[in-house]
Amino acid sequence: MTTRVGVVTFPGSLDERDAQRAVKLAGAEPVALWHGDKSLRQVDAVILPGGFSYGDYLRCGAIARFSPVMETIIEEARAGLPVLGICNGFQMLCESHLLPGALTRNDHLHFICRDQRLRVENADTAWTRDYAEGDEITVPLKNGEGGYVADERTLDELEAEGRVVFRYLGGNPNGSRRDIAGVTNAAGNVVGLMPHPEHAVEALTGPTTDGLAFFTSVTTSVLRKLVA
Amino acid sequence: MLKPEILDPQGQAVQRALPRLGFDGVRDVRQGKRFELEMDGPVDDTVLDRVREMARTFLANTVIEDFDVRVEVTEEESR
Amino acid sequence: MLKPEILDPQGQAVQRALPRLGFDGVRDVRQGKRFELEMDGPVDDTVLDRVREMARTFLANTVIEDFDVRVEVTEEESR
Amino acid sequence: MPGTSPALDTVKHAASTPQTAQPWAELGLKQDEYERIREILGRRPTGAELAMYSVMWSEHCSYKSSKVHLRQFGEKAPASDALLVGIGENAGVVDVGQGYAVTFKVESHNHPSYIEPYQGAATGIGGIVRDILAMGARPVAVMDPLRFGAADHPDTRRVLPGVVAGIGGYGNCLGLPNIGGEVVFDPCYQGNPLVNALCVGVMRHEDIHLAKASGTGNKVILYGARTGGDGIGGVSVLASETFDDDGKPAKRPAVQVGDPFQEKLLIECTLEVFAEKLVAGIQDLGGAGLSCATSELASAGSGGMRVDLDAVPLRDSSLSPEEILMSESQERMCAVVEPDKVDRFLEICAKWDVIATVIGEVTDGDRLEIFWHGEQIVDVPPRTVAHEGPVYERPYARPAWQDALQADDPARLPRPADGDALRAQVLQVVASPNQAAKTWITAQYDRYVLGNTVLAQPEDSGMIRVDEETNLGVAIATDGNGRYAKLDPYAGAQLALAESYRNVAATGARPLAVTDCLNFGSPEDPAVMWQFAETTRGLADACRTLGTPVTGGNVSLYNQTGDTAIHPTPVVGVLGVIDDVTRRTPMAFAEEGQLLYLLGDTAEEFGGSAWSQVVHGHLGGLPPRVDLERERLLAEILIAASRDGMIDAAHDLSDGGLIQAVTESCLRGGKGARLVVPDGLDAFTFLFSESAGRAIVAVPRGEEVRFTDMCRARALPATRVGVIDGDAVEVQDAFTIGLAELREAHERTLPGLFA
Ligand SMILES: Nc1ncnc2c1ncn2[C@@H]1O[C@H](COP(=O)(O)OP(=O)(O)O)[C@@H](O)[C@H]1O
Ligand SMILES: [Mg+2]
């Protein structure tokens, strides 16, 4: 049985094809989901891809968060469905309060596209199982509003509960608090990060293939859950 | 407006630039958003409550932003 | 704020989203920027003129934006 | 009409009021042009007709000054099986094999970007992307050749960051990777920055669409953004009038604001209507808006067209019919659709939240007729508006100063006296704004989106995978050197093509076709017109020799402030194809021990060089000699070596010479190089000469014999000049520069100026 991973297209989504390609390269089956449908077509996991949903107008992810598909996703995520938000998807997860904090304008005020080194801080989420804690990976980062912020108490809580999943290495690219690149919810099924693992799955087009393990991890997670 | 405890890089960039442009005496700059909504019909308390709700749940992200709603009557309009 | 004749894609995106969220009766939405400057010392006419100048030459892009300067005394401050 | 507001100027009214004075001059028309319109119509034009003719007959839309010269691109075009659609459509289409076709084009958005850098540049990207989309292709990448005034001029600090943010803001939001471009600084562009934008798109052969309206009864559908007051008069005023000395245009129409989100929806929606074969003809709306789209569609088709302007969705309900016709609101397209397909077309638009409205239909007549409130306000033969505008044979003459400029030979400039002086000049050149790393700019562009970017800046050309199964790909580079062109416009144009061609070949792709953007001063100046004539002649001749036809492009005139024109600046884009992108050749020197070979001949050529500019502030003499047969041979060798795995890295040599290329390749690979000056050359000439037709390659030791045998057999000079080694660039018997110091010099300049 292959794992079915849904990838949602919102108006203005850009990286959904890349996410689908990554899912396929990881041996799972990509399933296209549409923002206007409530149905998740029986997928085992969902990816909210990068891009500029609704032009990133108002705030990144703020308008997409109210789409019909998000209603279902919010419900299912609370019930344990693995959900990965990449960049714009991460912003949506914060806007819908599935993840704490918010993403703000990069401190240097420019869009930045670069190959970013990260440390995997938590290899026990649905999307990072195939990494080991402490692994250093390089994947593209590209955004204008990637500065992770939350109040001090929330940040302390995230640290204490091991919910910081990725941290920036080799210089903080956007002013994120405590170098945070990605976080998870308490249950570990919802993960959001600003860098783009789906752009690091082929040696030909990516800086590395370090991103592939995200997509194999979720298969592992889904299978484990079936067995459990 | 971003809450006071949240770093505001845009405001800071403006503040840093001001002395270079010859504008002194500005202690702090913060940058936020402003929405002008034009309503169908008069803005009574019910409408105003709905606008506040709209601001709270949608126009502002209250995790990091505060907001303030004001009514302006069109005839008094300041450009 | 963007001048009235200039396209405001952000305001339009917000306006289009409102009915879907159950907010009706909004005829038009325009989105602009808001700067809060905190000045050293009292804001007399000279200071205000300098702030206007700052707005005209720096804070606003008068090719496409209009602006408006208002003074608020800190004690009366509305959050 | 007593007592009413200004009466509608209907066709009937125009016919009965021949004496009414009309503002043809204010609209940019010349007296004889106005007379011709009256002659064509047999009466005075209505206000709406006058608006249409004035925008469509402007320099920007009609190419009236350049047309006679551009004809050479067709007349001298080399026979090419690859060309599926040639000059004249929105963009040319090239066959790249396996049933795929590629369309690409470069365009200018110079004047708007000076007025409002962010929006000007953003809408420049938006416009070229719609051109590519209108051909039936999915846009897959963009590039941005840019020219600014002096890097340290205060106005450059205003213009450059805005332009870069605008290109990034629009292109990133659209999801198109930016895979290359140029950034050049020169005081000659101070009041006239050049913002050129290129887009490339991919389709299957059967998906090619053309801009024509045929089939009586077919519906004309306007879809995309609502129409507002944007850029009214923009085409004639903004794009074609000289700025007065304080840089303000005479009139200030509302600046066009781009909405990349709307354009992204437009792209997806358009590709979906193409896929369902719902479109009989299509045209994007760019300069001159509806005037242009309706007259061009009708002119290229077989019948006439009838349009009801009341149906056009407006953002500003106070617009007059003339303004609606002239509006340059962005993110709009116009499609011709068979009646029974209209419902499905509108349904797909609704799915994407794109407003779509039937505004007219194709008629069996031969007139373009436009109605407003039920009254006819336009009744014209569409060809006279769109394709039969005025044509000028502008006088041209070689300027008096040209001889003196060419006689001012850089041979007289003092050269570095010893190794230390040479070392200092190397650092000075690689750190100069034109030669320094452009990362501060290109890091603001998404290069990864769509997941098919095989090469992007700072590589010699951008490369995109077209087919994931077969690894078919295309490569594109753009180049242009205004300094060379100023010294000799004929040679300058050929050098621009040669460099771009060489850049494509350096990555392993076979050059196929050309697009060009010709940026010049005022055509009313005979000296500028001579530069233009020489440039087109040079480019057309070179295209014939290299076998790469010009498929389309753009002309931007009036780039001048007062009497001072910019350097003649032909920007040439070359498209190449590569059968297997996994075979591409990158530029990085990454493997220690690999041998460096210099391909081609090096002579003492410093006219227009980076060295003469940076070290001496000098421009004079002759540009490097052009040898197109050599360029072709070099390209063949680079392509064969890439295909057969004989080289691991290649970098073309152009401005800045060999040391510039070595610096870039070493820093990219993170490895140093030890260089030896070849016999017969001095170190200075070896490092800084800008002789054309050269490249440097890295050859794995095991491939050396095979590679040098191939070069010898084909008679291409190949000289061993060094080896990849260590963490410094060392020139034997001259100097050593550590990589860290070199990197600091090369990479700090732009952040230092603009961050
Ligand atoms: N504005 C730009 N946008 C994108 N890429 C750029 C831009 N300017 C320069 N580049 C890239 O930087 C690299 C170096 O540029 P350049 O020195 O002009 O190359 P070359 O001399 O080989 O043509 C190239 O890959 C080019 O595409
Ligand atoms: Mg090059």
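It should be emphasised that the depicted structure is a prediction, and the values quoted were computed from it without experimental measurement.

Conventions and cut-offs
Residues numbered from 1 in each chain as written. Chains lettered and ligands numbered in written order. Predicted model: local features only at pLDDT ≥ 70, side-chain atom pairs only at ≥ 80, totals over all residues. Heavy atoms only, no water. Helix = DSSP H or I, 4+ residues; strand = E, 2+ residues; numbered from the N terminus. Rg over C-alpha atoms; globule rule 2.2 N^0.38 Å. Buried < 20%, exposed > 50% of the residue type's maximum accessible area, 1.4 Å probe, protein only. Contact = heavy atoms within 4.5 Å. Lys, Arg positive; Asp, Glu negative; His and termini not counted. Charge placed at Lys NZ, Arg CZ, Asp CG, Glu CD. Least-squares fit on C-alpha atoms with pLDDT ≥ 70 in both. Donors = N, O, S within 2.8 Å, 3.2 Å for Na, K, Ca; no water. Near = heavy atom within 4 Å. Polar contact = N/O pair within 3.5 Å; in protein donor to acceptor, adjacent residues only side chain to side chain. Areas by Shrake-Rupley, 256 points an atom, 1.4 Å probe, with all protein chains shown as cover. Nonpolar A, V, L, I, M, F, W, Y, C, P; charged D, E, K, R; others polar. Core = buried A, V, L, I, M, F, W, Y, C linked by side-chain atoms within 4.5 Å. Domains from an automatic or database assignment. Buried area = accessible area lost by both parts, 1.4 Å probe. Salt bridge = Lys/Arg side-chain N within 4 Å of Asp/Glu carboxyl O. Pairing = 2+ DSSP bridges.

K.L.:
What's the story with the overall build of chain B in this structure? I'm lost.
P.N.:
Across its full length, chain B carries two helices and one strand. Listing each helix as α and each strand as β along chain B from the N terminus yields α-β-α. For 79 residues, the compact-globule estimate of 2.2 N^0.38 gives 12 Å, and chain B exceeds it by more than 25% at 16 Å. In terms of overall dimensions, chain B has a C-alpha envelope of 45 × 35 × 15 Å along the principal axes.

K.L.:
Can you help me understand the overall build of chain A in this one?
P.N.:
From N to C terminus, chain A includes five helices and eleven strands. For chain A, whose C-alpha radius of gyration is 16 Å, the value lies close to the compact-globule estimate of 17 Å for 228 residues. For chain A, the C-alpha atoms occupy an extent of roughly 45 × 40 × 35 Å along the three principal directions. Taking all 228 residues of chain A together, 66% fall into the buried category. Intrachain contacts of chain A at a sequence separation of at least 6 include 73% that bridge at least 24 residues. With 22 positive and 30 negative side-chain charges, chain A shows a spacing of 2 Å between the two charge centroids.

K.L.:
Can you walk me through the relation of the copies chain C and chain B in this structure?
P.N.:
Superposition of the two copies of the chain requires a rotation about an axis and a shift along the axis. Overlaying chain C with chain B gives an RMSD of 0.1 Å, the required rotation being 180 degrees about an axis along which the chain moves by 0.0 Å. Here the transformation between the copies is reduced to the relation of a two-fold axis. Among all residues of chain C, the minimum C-alpha distance to the rotation axis is found for Lys33 of chain C, at 2.3 Å. Of the interface residues in chain C, 100% have counterparts in chain B that sit at the interface too, so the contact is made through matching surfaces.

K.L.:
Hey, could you run me through the coordination of the magnesium ion (ligand 2) in this one?
P.N.:
In ideal tetrahedral geometry, four donors around a metal make angles of 109.5 degrees, whereas ideal octahedral geometry with six donors gives angles of 90 or 180 degrees. All names here are of chain D. Here the magnesium ion (ligand 2) is held by the protein donor atoms Asp460 (OD), Asn503 (OD1) and Asp652 (OD), which lie 2.2 to 2.5 Å from it. Classification of Asn503 by relative accessible area gives buried; the value is 4%. By relative accessible area, Asp652 is classed as buried at 4%.

K.L.:
Would you mind showing me how to read the site of ligand 1 here?
P.N.:
All names here are of chain D. Around ligand 1, the structure places 19 residues, and the nearest of them are Asp144, Gly181, Pro458, Glu459 and Asp479. Within the side chain of Glu499, an N or O atom sits 3.2 Å from an oxygen atom of ligand 1. Contact with the protein chains hides 88% of the accessible area of ligand 1, taken as 560 Å² for the molecule alone. Listed by contribution, the elements that provide at least two residues to the shell around ligand 1 are strand S4 (138-148), strand S5 (178-185) and helix H19 (489-506). Considering every element that reaches the shell around ligand 1, the biggest residue donor is S5, with five residues. Among the residues forming the shell around ligand 1, the class breakdown is four nonpolar, seven polar and eight charged.

K.L.:
Honestly, the nonpolar core in this entry has me stumped. Any pointers?
P.N.:
Across soluble globular proteins, nonpolar side chains have a tendency to be buried as a group. Ranked by size, the top nonpolar core spans 155 residues in total, and within it Val46, Ile47, Leu48 and Tyr148 of chain A together with Tyr223 and Phe345 of chain D carry the most contacts. Mapping this core onto the domain boundaries places at least three of its residues in each of domain 1 (207-386) and domain 2 (585-755) of chain D. With residues near it in sequence (within four places) discarded, Leu48 of chain A still touches Val8, Phe10, Met70, Ile73, Val83, Leu84, Gly85, Ile86, Gly89, Met92 and Leu93 of chain A. With 49 residues, the next largest nonpolar core counts Val504, Ala542, Ile639 and Ala650 of chain D among its residues.

K.L.:
Sorry if this is basic, but what is going on with the interface of chain C and chain B here?
P.N.:
Accessible area lost when the parts come together is the quantity often used to give the size of an interface. Contact with chain C, which involves 36 residues of that partner, is made by 36 residues of chain B. A buried area of about 3400 Å², summed over both sides, lies between chain C and chain B, and 52% of it is on carbon and sulfur atoms. If you look at where chain C meets chain B, you find six salt bridges. With a closest N to O distance of 3.2 Å, Glu72 of chain C and Arg70 of chain B form a salt bridge. Where chain C packs against chain B, one counts 18 residue pairs in polar contact (both at pLDDT 80 or more). Mapped by element, the contributors of at least two residues to the side of chain C that touches chain B are helix H1 (9-20), strand S1 (26-39) and helix H2 (45-59) of chain C. Per-element accounting of the side of chain C that touches chain B gives the leading share, 14 residues, to S1 of chain C. A per-class count over the side of chain C that touches chain B returns 15 nonpolar, six polar and 15 charged. Looking at chain direction, strand S1 (residues 26-39) of chain B and S1 of chain C are connected through 13 bridges and run antiparallel. Directly across from Glu38 of chain B, in S1 of chain C, lies its bridge partner Asp28 of chain C.

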